[in-house]
Amino acid sequence: MTWHVSEEDLRAYAHGELAPPLLWSADTHVGSCAACRAALASVSDPVALDAGWDRLDAELDAPSPGPGQRLLVRLGVADHTAQLLTATPVLRRSWLASVAFVLAATVLVVDAVDAPALFLALAPLLPLAAVALSYGPVLDPTYEIAAVAPTHGFRLLMIRTVAALTASLGLNCLAALALPGYGLLAFGWLLPALALTAAGLALSARLGPLLGPGLVGGAWTALMAVAAMHPAHTSVAFTTAGQSVAAALAALATLLLHQVRDRFDAKPY
């Protein structure tokens, strides 16, 4: 090898000032010439070199946002909020697919046996379960990351709750639209779903994210079981009186949740 990069060109190369086509030649040559690499090291600034490696490491270690996170950011959601939303366990495809399957199977059964009470009893439990599964160390693999995020615990809970409710209620509405023969009765689950979710969240402040919603879901299941033994075609929970009670319970539970909001920062669930 008779040609080597001059010291002046190596100095310009080290400072990023060498222009093509000499840059391309120097880049190829330095990779195969030990003498030029040693000369390059002698004219390089070690501080700038270390800073460059640090920038490269930071770039390689930076998480790559998924399509959902990029979409939320484009819609105006803050980057850290979008990251917390997309990390919500119940927004994963496996959970959404399983909920969609359960709702589809329920719609088919209701259509076959003409029993809307089955769908109305099941639909309010899905948002409650989604919210229960979206917060807490037991079921959330990103709980430690979320716990140290610069976000108030109650705000994080509300972010996850809105995401879980939006997904669950959206699937429930699609299932209700698949039962056009029942009219508005097919949407009778909405107010009970909001009441159950609010009550589950209010109780989770004291009992934890699983026990609180679990008790609420168990009470609802027991109520529906008792109603199923009633000869009436529609449970009282889905009459005008029942819907009014559900709305009142949802408002009361929301008020109680607001009063105990500081508990979500007091202990790690």
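Rules behind the numbers
Per-chain numbering applies: the sequence of each chain, read as written, is numbered from 1 onward. Residue-level local features of this predicted model are given only where pLDDT is at least 70; pairs of side-chain atoms are given and counted only at 80 or more, and the full residue set underlies all totals for whole chains, interfaces and linings. As a rule here, side-chain values come from all non-hydrogen atoms in the structure, and water together with hydrogens is ignored. Counting from the N terminus, the helices are the DSSP runs of H or I reaching at least four residues and the strands are the DSSP runs of E reaching at least two. When accessible area is computed with a 1.4 Å probe and restricted to protein chains, residues below 20% of their type maximum are described as buried, those above 50% as exposed, and intermediate ones as partly exposed. We call two residues in contact whenever any of their non-hydrogen atoms come within 4.5 Å of each other. Areas reported here follow the Shrake-Rupley algorithm with a probe of radius 1.4 Å; residue values treat only the protein chains shown as occluding. When the centres of two rings from Phe, Tyr and Trp lie within 6.5 Å, Trp using its six-membered ring, the rings pair. Their planes under 30 degrees apart give stacked, over 60 give edge-to-face, and anything left gives tilted. UniProt positions are given in the numbering used here, feature names are shortened, and annotations may be inferred rather than shown by experiment. Here, axes are lines fitted to C-alpha atoms. For helices the fit covers the stretch in contact, and angles between N-to-C directions go from 0 to 180 degrees. Rotating anticlockwise by less than a right angle from the far helix to the near helix defines a left-handed crossing, while the corresponding clockwise rotation defines a right-handed one. Polar here means any residue other than Ala, Val, Leu, Ile, Met, Phe, Trp, Tyr, Cys and Pro, which are nonpolar, and Asp, Glu, Lys and Arg, which are charged; Gly is therefore polar. The cut-offs work like this: below 35 degrees is roughly parallel, past 145 is roughly antiparallel, 65 to 115 is roughly perpendicular, and the gaps in between are oblique. Think of a salt bridge as a Lys or Arg side-chain nitrogen and an Asp or Glu carboxyl oxygen that are within 4 Å of each other. To count toward a patch, a residue needs a relative accessible area over 30% and no salt bridge; like charges are then connected within 9 Å, while nonpolar side chains (Val, Leu, Ile, Met, Phe, Trp, Tyr) are connected within 5 Å. Neither His nor the chain ends contribute to the count of charged residues, in which Lys and Arg are positive and Asp and Glu negative. Throughout, a charge is located at the NZ atom of Lys, the CZ atom of Arg, the CG atom of Asp or the CD atom of Glu.

Novice: Now, about the overall build of the chain: what can you tell me, with residues and values included?
Specialist: Counting its secondary structure elements, the chain contains 15 helices and zero strands. Residues counted as buried form 37% of the 269 residues belonging to the chain. Long-range contacts, defined as pairs at least 24 residues apart, comprise 70% of the intrachain contacts of the chain with a sequence gap of at least 6. For the chain, the accessible surface area stands at approximately 15300 Å², while carbon and sulfur atoms represent 68% of it.

Novice: Lay out the packing of aromatic side chains in plain terms, naming residues and giving numbers.
Specialist: How two aromatic rings sit relative to each other is given by the distance of their centres and the angle of their planes. A complete count under the given rule lists one aromatic pair for this structure. Arranged with centres 6.1 Å apart and planes meeting at 85 degrees, the rings of W220 and F238 form a pair that is edge-to-face. Placement of W220 in helix α13 (residues 211-228) and of F238 in the loop between α13 and α14 (240-259) is noted, with a sequence separation of 18 residues between them. Grouping residues by exposure puts W220 and F238 together as buried.

Novice: Run through the UniProt feature "transmembrane region" (unreviewed entry) in the chain, naming residues and quoting values.
Specialist: The UniProt entry lists residues 94-110, 116-136, 157-178, 184-203, 210-230 and 236-257 under the feature "transmembrane region" (unreviewed entry), expressed in the numbering used here. Annotated as residues 157-178, this span is 95% helix and 0% strand, and its ends, taken at the C-alpha atoms, are 31 Å apart. Spanning residues 210-230, this segment combines 86% helix with 0% strand, and its end C-alpha atoms are found 30 Å apart.

Novice: Outline the side chain of S168, listing residues and values.
Specialist: Mapping S168 onto the fold places it in helix α11 (residues 153-177). Discounting chain neighbours no more than four positions away, the residues touching S168 are L126, P127 and A130.

Novice: Please provide a residue-by-residue account of the packing of helix α1 (residues 7-14) against helix α3 (residues 34-43), values included.
Specialist: Pairs of packed helices are described in terms of their axes, by the angle between the two and the distance that separates them. In contact at an axis separation of 9 Å, α1 and α3 are set at 65 degrees when each is read in the N-to-C sense. Considering only the axes of α1 and α3, their crossing is right-handed. For the pair α1 and α3, contact is made by E7, L10, R11, Y13 and A14 and by C36, A39, L40 and V43, respectively. A class-by-class count of the residues in the contact of α1 with α3 yields seven nonpolar, no polar and two charged.

Novice: Run through unusual backbone geometry, naming residues and quoting values.
Specialist: The linkage connecting P20 with the following residue, P21, adopts the cis geometry, with an omega of 0 degrees. The residue P21 is located in the loop between α1 and α2 (22-32) in this model.

Novice: Outline the packing of helix α9 (residues 125-133) against α13, listing residues and values.
Specialist: Interhelical geometry of α9 versus α13 gives an angle of 170 degrees and a closest axis separation of 10 Å. Classified by the interaxial angle, the pair formed by α9 and α13 is roughly antiparallel. Between α9 and α13, the residues in contact are L125, L128 and A132 and P213, V216, G217, W220 and T221, respectively. For the contact of α9 with α13, the per-class residue count stands at six nonpolar, two polar and no charged.

Novice: Go over the environment of V99 with me, naming the residues and quoting the values.
Specialist: Among the secondary structure elements, V99 is positioned in helix α7 (residues 93-113). Sequence spacing of V99 and L171 is 72 residues, and the spatial spacing of their C-alpha atoms is 7.8 Å. Here V99 is in contact with L126 and L171, once residues within four sequence places are set aside.

Novice: Go over the pattern of salt bridges with me, naming the residues and quoting the values.
Specialist: One pass over the structure, following the stated rule, counts one salt bridge. Between E7 and R11 there is a salt bridge, with the nearest N and O atoms lying 2.9 Å from each other. Placement of both E7 and R11 in helix α1 is noted, with a separation of four residues, approximately one turn of the helix. R11 sits in the partly exposed class, given a relative accessible area of 38%.

Novice: Outline a negative patch on the surface, supporting the account with residue identities and numerical values.
Specialist: Together, D45, D50, D54 and D57 line one region of the surface with negative charge. With respect to the helices and strands, D57 occurs in helix α4 (residues 46-61).

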